[in-house]
Every structure is written in C-alpha cells, then in structure tokens.
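# Examination of the molecular architecture
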Amino acid sequence: MNTLKIAIQKSGRLSEDSLKLIKECGIKFSNGKGKLKAVADNFPLEFLFLRDDDIPGYVEDGVADLGIVGENVLVEYEKNVKLVKKLGFSKCRLSIGVDRNWDYKNIKELDGKSIATSYPKILGNYLKQNNINAEIHEISGSVEIAPSIGLADAVCDIVSSGSTLLSNGLKEADVIMRSEAVLVSGNNLSAEQEKILNQLLFRMEAVQAGKN
Ligand code: PRT
Ligand code: ZN
C-alpha cells in the first residue's frame, strides 16, 4: 500500500497537539466531528481516531502503521512497536504521590505499603528494580483519591502541574519516569511506506527546527 495509516487520540490531552503537528507539516485534511477516519488531501496519509490505550496494540497488529501516543502508555503496554521520534508535547511525569504530611525520604518507605495506579507494569518494574515489596492496586481512574478513602497508602500517577495531587492532600514524592508524546511505527512497513515515513519525519524536523 502506498499510504500510511496514523492512529491519533480521538479526544484528550494528545489530540489537539497531534493534529496541530500534522497541520504544521503542511498536511491538509478535514475531520468531521465524531468521525473515526479521515484521509489527507495532499499527502499519502490516513487517520484513525482512537483511544490512546488502543494505539500501541493497533500499531503492533498493523491496523495502523504509525501512532502518536504518550511514552507512559507505550511503555506500560509493552507492545512490539518502534519509537521513531519524541515529539516534545504532552510532557508529564509518572510519579509516586503520598500524603503531604508524610515525611517521605526515599522509595524504601514504600516497602510493605499499598499503591494505587493505572500503570501496574511500570510501577511493578520500578519496585522490583529497587527491591521494594509493595502491593499494587490497579485502578483505571481517579487514582488520586485512593489514599483519602483508605484504598491505598500511596499513588503512582501522571503529574503535570501537580495541582491534582495538591487538591487531594498529596505531594509528589518520587519521579518514576518522564514522558512526552512520541511517534511510533510498526515493524512491517513496506519500502514505499518507509519512504513516506521519511518524508513525514523530514517535515516534522523542519517544524521542530522552526520552533527552536
Ligand atoms: O480517552 P483516552 O483513553 O484516549 O484518554 P485518557 O483519558 O487515557 O488520556 P488523557 O487524554 O488524559 O492523556 C493522554 C496522555 O497525555 C497521557 O497518557 C500522558 O502521556 C499525557 N499527559 C500529559 C497527561 C497529563 N499531562 C495529565 N496531567 N495525562 C494525564 N494527566 C492527568 C493525570 O492523570 C492526573 O489526573 O491529569 C492529572 C494531573 O494533572 P496536574 O496538572 O494536576 O498535575
Ligand atoms: Zn487512555
């Protein structure tokens, strides 16, 4: 196939900047509200609008050839895809949050404690590397309320300004990983598709150079 399919978050913190980058690359398309697919008018690119959690898997399966997703999601899902380029937006941290009155010194204090998170794999690996035995409570949203309702002693969640932690009586105690939006690709692009990807990367680099 002489086109590339790119998976972009349908709506959320990555969507707007992902589409902005595409537009800055000079690629034109119209995406009607609620549409799940679109085709570019002046570049061999098709768009699939998906939930961010589904993007690494769709790229691995070849349903999409490329995707834009947070590094945190990419690492958590452990799919067989290539990180092609860091994109510099949607920057955040995956951090441990604890009660603001906890005189937290280092990760060892989590030994024997319970931690609520939507990132069980990244957290589990981090705890293992540090030889910490803690119980992981996987929850899919509103992680920050877990300590105040007695569900867990600490949280491991995405932080950007820190205001969500603060408003739940928590503080950022340890940074586990730093993340930003990344472009990923599948491992089975045709030679023609690799060529299109290189043209796209060339344009993305020009956009980035223009901003520095
Ligand atoms: O519906 P879908 O599954 O597609 O979206 P989603 O709700 O899972 O993800 P979304 O849109 O919230 O985030 C998409 C990606 O943006 C994440 O995977 C991160 O890579 C990145 N990102 C950047 C963030 C944040 N900043 C962020 N602040 N993702 C989430 N948050 C949340 C965080 O979970 C916490 O609840 O915002 C809150 C903390 O923000 P502060 O500013 O109060 O610290
Ligand atoms: Zn999601």
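Residues numbered from 1 in each chain as written. Chains lettered and ligands numbered in written order. Predicted model: local features only at pLDDT ≥ 70, side-chain atom pairs only at ≥ 80, totals over all residues.

Taking an unreviewed UniProt entry as the reference, the protein is identified by name as ATP phosphoribosyltransferase belonging to Marivirga tractuosa. According to UniProt, the comment filed for the protein under the heading Subcellular location (unreviewed entry) is "Cytoplasm". (UniProt positions renumbered as here; feature names shortened; annotations may be inferred.)

Among the residues of helix H4 (residues 120–129), Ile122, Leu123 and Leu127 are the ones counted as buried. Taken around the axis of H4, the buried residues stretch over an arc of 130°, which confines them to a single face. Looking at H4, the residues exposed on the side facing more than 90 degrees away from the buried face are Lys128 and Gln129. Along its buried surface, H4 packs onto helix H3 (71–77), strand S6 (92–99), strand S7 (114–117), strand S8 (135–138), strand S9 (154–159) and strand S10 (170–179). Just downstream of H4, Asn131 is the residue with a positive phi angle, here 60°. (Buried ≥ 20, exposed ≤ 12 C-beta atoms within 10 Å, placed from the backbone. Helix = DSSP H or I, 4+ residues; strand = E, 2+ residues; numbered from the N terminus. Arc of directions from axis to C-beta. Contact = placed C-beta atoms within 7 Å.)

It is worth spelling out helix H6 (residues 191–211) at this point. The terminal C-alpha atoms of H6, which comprises 21 residues, lie 31 Å apart, in line with the 30 Å expected from a rise of 1.5 Å per residue. Of the residues making up H6, those classed as buried are Gln193, Ile196 and Leu200. Each buried residue of H6 sits inside an arc of 65° when the element is viewed along its axis, so together they form one side. Seen from the open side of H6, the exposed residues pointing more than 90 degrees away from its buried face are Ala191, Asn198, Phe202, Glu205, Ala206 and Ala209. Summarising the contacts, the buried residues of H6 are in contact with strand S1 (4–9). (Expected span 1.5 Å × (residues − 1).)

Turning to the site of ligand 1, a few remarks are in order. The local shell around ligand 1 holds 21 residues, among which Gly12, Gly70, Cys92, Ser161 and Thr164 are the closest. When contributions to the shell around ligand 1 are tallied by element, the ones reaching two or more residues are H3, S9 and helix H5 (163–167). With three residues, the single largest contributor to the shell around ligand 1 is S9. In terms of residue class, the shell around ligand 1 is built from five nonpolar, 11 polar and five charged. Each of domain 1 (4–90 + 180–211) and domain 2 (92–179) gives at least three residues to the shell around ligand 1. (Near = placed C-beta within 6 Å. Nonpolar A, V, L, I, M, F, W, Y, C, P; charged D, E, K, R; others polar. Domains from an automatic or database assignment.)

In terms of nonpolar packing, the biggest core is built from 28 residues, with Ile6, Ala7, Val59 and Val184 touching the most fellow members. Those elements giving two or more residues to this core turn out to be S1, helix H1 (15–24), strand S3 (45–50), helix H2 (55–61), strand S4 (66–70), H3, strand S11 (181–185) and H6. Non-local contacts of Val59, meaning those with residues more than four positions away in its chain, are made with Ala7, Ala64, Leu66, Gly67, Val81, Val184, Ser185 and Gly186. The next biggest cluster of nonpolar side chains, apart from the first, holds 22 residues, and it includes Leu94, Ile115, Ala146 and Leu170. (Core = buried A, V, L, I, M, F, W, Y, C linked by C-beta atoms within 7 Å.)

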